[in-house]
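Structural characterization, general
One letter stands for each residue in the lines below.
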Amino acid sequence: MNIQLKPFQKQRVIELRRTAAMAQMNWQHFGTKQIISFTAPTGAGKTIMMASFIESMMCGDDEGMVAAIPETIFIWLSDSTELNEQSKKKIMAYCDKLVLSQFRTLDESFRGEKLELGKVYFLNTQKLTKTSKMTSVGDGRDWTIWETIENTIEEYGKNLVLIIDEAHRGAKTNQTTIMQKFVNGSESDGLQSLPFIIGMSATPERFNALAGQSLSALNKVVVFAKEVRDSGLLK
């Protein structure tokens, strides 16, 4: 990492790694899909912590507490193009052990049958509407993005991690949003629910309620406001 984490941030990254390791083991051995709700107050540095988590997953950590899994595939999902690119730039700047070619924005130029191992993809829900070229074949595209993700689950499911930024935004209970297709699956799109999801939010109640209604096991990692204040990041 190009930035020194605060002690509470470092501790939560370690907790995320351990929780993720247990979640992946439970899914692989027992077939139960997994969701981690990662809660932290605004200003706590959620993106910094998640960048550290991504890098430690793919490259290992300094303490060697959890083995590196360099073939991990990350999808970073948000509901905003601008937020997506902002997060991408931050994560690329923070993660000095990863190289530029490992980061990619998923847009209409993408044509792959599957996502590639060892890469971090950025995707926003605005590009996944019914009228989007990404959700249909043609124009040199043999697979919809939904089929690409489904193919990736079938081939590399044990290596796939979906991170939902501002996860509460798409967790409405009175309607089915594009984000919810990742959590619950979408039969009409040929997509099963993703096997391992991390939802990031400062206000997780709606996301936790959505996760509780799914068939996935829910785990929680929480950063408390007091420890953020004690660190000097919050007044």
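Presented here is an overview of the structure given in this document.

The rules we used
Residues numbered from 1 in each chain as written. Predicted model: local features only at pLDDT ≥ 70, side-chain atom pairs only at ≥ 80, totals over all residues. Heavy atoms only, no water. Helix = DSSP H or I, 4+ residues; strand = E, 2+ residues; numbered from the N terminus. Buried < 20%, exposed > 50% of the residue type's maximum accessible area, 1.4 Å probe, protein only. Contact = heavy atoms within 4.5 Å. Areas by Shrake-Rupley, 256 points an atom, 1.4 Å probe, with all protein chains shown as cover. Lys, Arg positive; Asp, Glu negative; His and termini not counted. Charge placed at Lys NZ, Arg CZ, Asp CG, Glu CD. Salt bridge = Lys/Arg side-chain N within 4 Å of Asp/Glu carboxyl O.

**Quick notes on the overall build of the protein**
Counting secondary structure elements, the protein contains 7 helices and 7 strands. Traced from its N-terminal end to its C-terminal end, the protein shows the element sequence α-β-α-β-α-β-β-α-β-α-β-α-β-α. In terms of principal-axis extent, the alpha carbons of the protein reach across some 55 × 40 × 40 Å. Looking at the 235 residues of the protein, the share that counts as buried comes to 52%. Long-range pairs, those at least 24 residues apart, make up 74% of the contacts in the protein with a sequence separation of at least 6. For the protein, the accessible area works out to roughly 10,900 Å², and carbon and sulfur atoms hold 50% of it. Taking the 28 positively charged and 27 negatively charged side chains of the protein as two groups, their mean positions are separated by 6 Å.

**Examining the pattern of salt bridges**
Applying the stated criterion across every chain, the model contains 6 salt bridges. Here Arg169 and Asp79 are joined by a salt bridge, their closest N and O atoms 3.0 Å apart. In this pair, Arg169 sits in the loop between β5 (160-164) and α5 (178-184) while Asp79 sits in the loop between β2 (73-78) and α3 (81-94), placing the two residues 90 residues apart along the sequence. On the basis of relative accessibility, which here comes to 36%, the residue Arg169 falls in the partly exposed class. Between Lys226 and Asp230 there is a salt bridge whose closest N-O contact spans 2.8 Å. With a gap of 4 residues between them, Lys226 and Asp230 both fall in helix α7 (residues 225-231), about one helical turn apart. Residues Lys226 and Asp230 agree in their burial class; the two are exposed. In the salt-bridge network here, residues are joined through shared partners; they are Arg12, Glu15 and Glu227.

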